[in-house]
Amino acid sequence: MNLKIQTLSGYFHEYQKSVLEPEKFWGRIAETFHWKKKWDNVVDWNFEEPSVKWFVNGKMNITENMLDRHLFTSADKTAILWEPNDPNEAHRTITYQELYDLVCQFSNTLKAQGVEKGDRVIIYMPMVPEAAIAMMACARIGAVHSVVFAGFSSTALADRINDCQAKMVITSDGNFRGAKKIPVKSVVDEALENTTSVEKVITLKRTGEEVTMKEGRDLWWHEAIQGNEGPCPAEAMDSEDMLFILYTSGSTGKPKGVVHTCGGYMVYTHFTFTNVFQYQADDIFWCSADVGWITGHSYIVYGPLLAGASMVMFEGVPTYPGPDRFWQVIDKYKVNQFYTAPTAIRALQAFGQEPLEGYSLSSLKVLGTVGEPINEEAWHWYHAFVGKGKCPIVDTWWQTETGGIMISPIAGITPTKPSYATLPLPGIQLTILDDQGNELKGNSVEGNLCVKFPWPSMLRTTYGDHDRCKQVYFSMFKGYYFTGDGVKRDEDGYYRILGRVDDVINVSGHRMGTAEVENAINEHPKVVESAVVGYDHEIKGQGIYAYVIADTTDRTEENLIKEIKLTVSNIIGPIARPDKIQIVTGLPKTRSGKIMRRILRKIANGEVSNFGDTSTLLDPSVVDQIIEGALQKA
Ligand code: WT7
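Residues numbered from 1 in each chain as written. Predicted model: local features only at pLDDT ≥ 70, side-chain atom pairs only at ≥ 80, totals over all residues. Heavy atoms only, no water.

Peer 1: I tried to follow the site of the ligand on my own but got confused; where do I start?
Peer 2: Around the ligand, a shell composed of 17 residues is seen, among which Asp395, Thr396, Thr400, Asp485 and Arg511 lie nearest. Within the side chain of Thr400, an N or O atom sits 2.5 Å from an oxygen atom of the ligand. At 2.7 Å from an oxygen atom of the ligand is found a side-chain nitrogen or oxygen belonging to Arg511. For the shell around the ligand, the secondary-structure elements that each account for two or more residues are helix H10 (294–306), strand E20 (393–396) and strand E25 (495–500). By residue class, the composition of the shell around the ligand is six nonpolar, six polar and five charged. (Near = heavy atom within 4 Å. Polar contact = N/O pair within 3.5 Å; in protein donor to acceptor, adjacent residues only side chain to side chain. Helix = DSSP H or I, 4+ residues; strand = E, 2+ residues; numbered from the N terminus. Nonpolar A, V, L, I, M, F, W, Y, C, P; charged D, E, K, R; others polar.)

Here it is as structure tokens:
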């Protein structure tokens, strides 16, 4: 059995041990997994290069720990309860034995199509069991998966394929998303016009729409798997072999491929899943994220299946066919732990209590949130009306780069405070630094959130560009991992995340680099220059506000704005489409040419004064013009 914290003093005790003797702490937890060969050292590290290795020279396969080892005890236990987009379509129940068979069959299929250990495979799919099966099949044969959220455009997909030189793409004909049917294979076809590495495309039939299949390159999933039944031996992976790449946005224009490796990720996702949610053997767990994001990787696929859990996988959206869909699904499967994003809570809260009527939600024991700060109002609504006042809320702070939850209450054990992620999990040595890099000791302090000791599931590099990893995460403060978040430690030592301190905005729990959105806007032929900032948005947490200098001589401003929004959708995807665009004649720049974003952020939030020191502005009158334009729009 993996370590399970059961009391508050137990938490403090384990935390203490994890800091004093990290090797012993993690070594003991790692021993509860199946290893083909035991490690030599628990951890070797330095944050200068950086170089981080966990369970050094250990050999294992994560899928043996997710599938094979459960077959002895719980082959007939439900692994996946799949709820389709349309509630009238039959749901699917997949047992551990069936999942094992399906993963082996698809692993054999990948091999038959020439995929080898170390090859990169892009997964661009809807929320269907086959997405998880494809991920595990890659892991089983040692191929590196990179899941791309199916809402990304063909350009964004092509960029990712090119960056990791993927050999294969696994996709579907189309996706069901609420009332919409979205063509997917055609997006892949478009992306592949600008790539050269992909040899094979496997397409799952989902919506039945017409697709073009390219001879020699494209195969149907149901045809490709024929004859590939039977076991597939799990490749012996080194702890530090790559498990997956997941692209995420940063402050520069280009998304980076965050690399996670096999051993440490396995140990940490399992540990955090069972402890944070206090998962018990017969519970039904539901994380409503998409597998295209890290939350889906760690808490739909890897964490729950490592723990031998039964989990719900949902294809649809919270508001289809009605705003009661989440509550319907919770009652239908008697969900015990429910994990979602603040943006979804706020969106559902906006419908009032009526959609909750008629649902008991009595199976719920734990509620979780992730992705962005949760405001107090949403926290109380979630607690009172979804949890009926009896379910602890775990506000979990973490990142694509951290691989697993870092700061969170242990459900039912750590006393909670609305909008506080509370305390670090065992093994997580946080520190708060001021802008000069001094550690701020004690309580009631505020600054930059950093980590000073490695944890098993931390990123190892950014794919193909280790220097970038060093620059972005390990150079701002020497000897520390810098998260990019601002944080407050209150008088009780509790942590409250204040949001990003870099040029990254968080829209509905999705990370967006302002430079990335600006680059997309600038692709419009009439655009001269743009500056993007986040502003407070009631549902999304942050909305995207773009200030654009453009030539409007031959079209109306209204049409130009529409075109720019479309341009961004086409280049990145609808999630990056600006909520507001203001056409301006100039941007507030310093004499050295830097845009003063702080001013633009204030204006986007409706503030028209208190801009602080503006003496370095080249032309202060630009600010007045922008304010005037913003007021006209409001
Ligand atoms: C950024 C990471 C971790 C999975 C989803 C997002 C913000 C995340 C919280 C939280 C306040 C949060 C941070 C972080 N964030 N969780 N509970 N409270 N902020 O992963 O896309 O890598 O984004 O999301 O700003 O840095 P991601």
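Still more to cover.
Peer 1: Can you help me understand the sheet that holds strand E5 (residues 92–95) in this one?
Peer 2: Two modes of strand pairing occur in sheets, parallel and antiparallel, and in both the strands are linked by backbone hydrogen bonds. If you trace the seven strands from one edge of the open sheet to the other, you get E5-E4-E17-E16-E18-E19-E20, paired in mixed fashion. Two strands close off the open sheet at either side, each with one partner strand: E5 and E20. The average angle at which neighbouring strand axes cross in this sheet is 20°, direction not considered. For strand E16 (residues 284–287) and strand E17 (residues 310–314), the ladder comprises three bridges, and the chain directions are parallel. Across the sheet, residue Phe285 finds its bridge partner in E17, namely Met311. Helix-sheet contacts for H10 involve strand E4 (78–83), E16, E17, strand E18 (337–340) and strand E19 (366–370), and the interaxial angle to E16 is about 165°. Here helix H11 (residues 325–333) sits on the sheet in contact with E4, E16, E17 and E18, set at roughly 145° to E4. (Pairing = 2+ DSSP bridges. Axes fitted to C-alpha atoms, helices over the stretch in contact; angles between N-to-C directions. Contact = heavy atoms within 4.5 Å.)

Peer 1: Would you mind going over helix H4 (residues 96–112) with me for this structure?
Peer 2: Along an α-helix, residues three or four positions apart point the same way, because every turn accommodates 3.6 residues. The first and last C-alpha atoms of H4 sit 24 Å apart over 17 residues, in line with the 24 Å expected at 1.5 Å per residue. Looking only at H4, the buried set comprises Tyr96, Leu99, Tyr100, Val103, Cys104, Gln105, Phe106, Ser107, Asn108, Thr109 and Leu110. (Expected span 1.5 Å × (residues − 1). Buried < 20%, exposed > 50% of the residue type's maximum accessible area, 1.4 Å probe, protein only.)

Peer 1: I would appreciate a short explanation of the packing of aromatic side chains in the present structure.
Peer 2: The way to describe two aromatic rings as a pair is by their centre distance and the angle between their planes. Throughout the structure, instances matching the rule amount to 44 aromatic pairs. Ring centres 6.3 Å apart and planes at 70° place the aromatic pair Phe314 and Phe326 in the edge-to-face group. With Phe314 in strand E17 and Phe326 in helix H11, this residue pair connects regions lying 12 residues apart in the sequence. Judged on exposure class, the residue Phe314 and its partner Phe326 are both buried. Joined through ring pairs, the aromatic side chains of Phe25, Trp26, Trp35, Trp39, Trp54, Phe55, Tyr268 and Phe271 make up one cluster. The ring of Trp220 carries the charged tip of Lys205 above its face, separated from the ring centre by 4.5 Å. A cation over a ring is seen here: Lys417 above Tyr420, with NZ or CZ 5.0 Å from the ring centre. (Phe/Tyr/Trp six-rings, centres within 6.5 Å; stacked < 30°, edge-to-face > 60°. Lys NZ or Arg CZ within 6 Å of the ring centre and 35° of its normal.)

Peer 1: How do you make sense of the side chain of Gln337 when you look at a structure like this?
Peer 2: When you line up the elements, Gln337 lands in strand E18. A distance of 2.8 Å separates the side chain of Gln337 from the side chain of Asp283, its partner in a polar contact. Contacts of Gln337, omitting those with residues within four sequence positions, involve Phe277, Gln278, Tyr279, Gln280, Asp283, Ile284, Phe285, Trp286, Lys365 and Val366.

Peer 1: Honestly, the pattern of salt bridges in this entry has me stumped. Any pointers?
Peer 2: Once the charged atoms of two side chains with opposite charge are near each other, the side chains can pair. On inspection of all chains with the given rule, the structure shows 36 salt bridges. Linking Lys24 and Glu21 is a salt bridge whose minimum nitrogen-to-oxygen distance equals 3.8 Å. Exposure remark for Glu21: the relative accessible area of 41% places this residue in the partly exposed category. Across the pair Lys526 and Asp554 runs a salt bridge, and its minimum N-O distance is 3.4 Å. Here Lys526, found in the loop between helix H15 (514–522) and strand E28 (527–537), pairs with Asp554, found in the loop between strand E29 (541–550) and helix H16 (557–571); they are 28 residues apart in sequence, far enough to count as distant. (Salt bridge = Lys/Arg side-chain N within 4 Å of Asp/Glu carboxyl O.)

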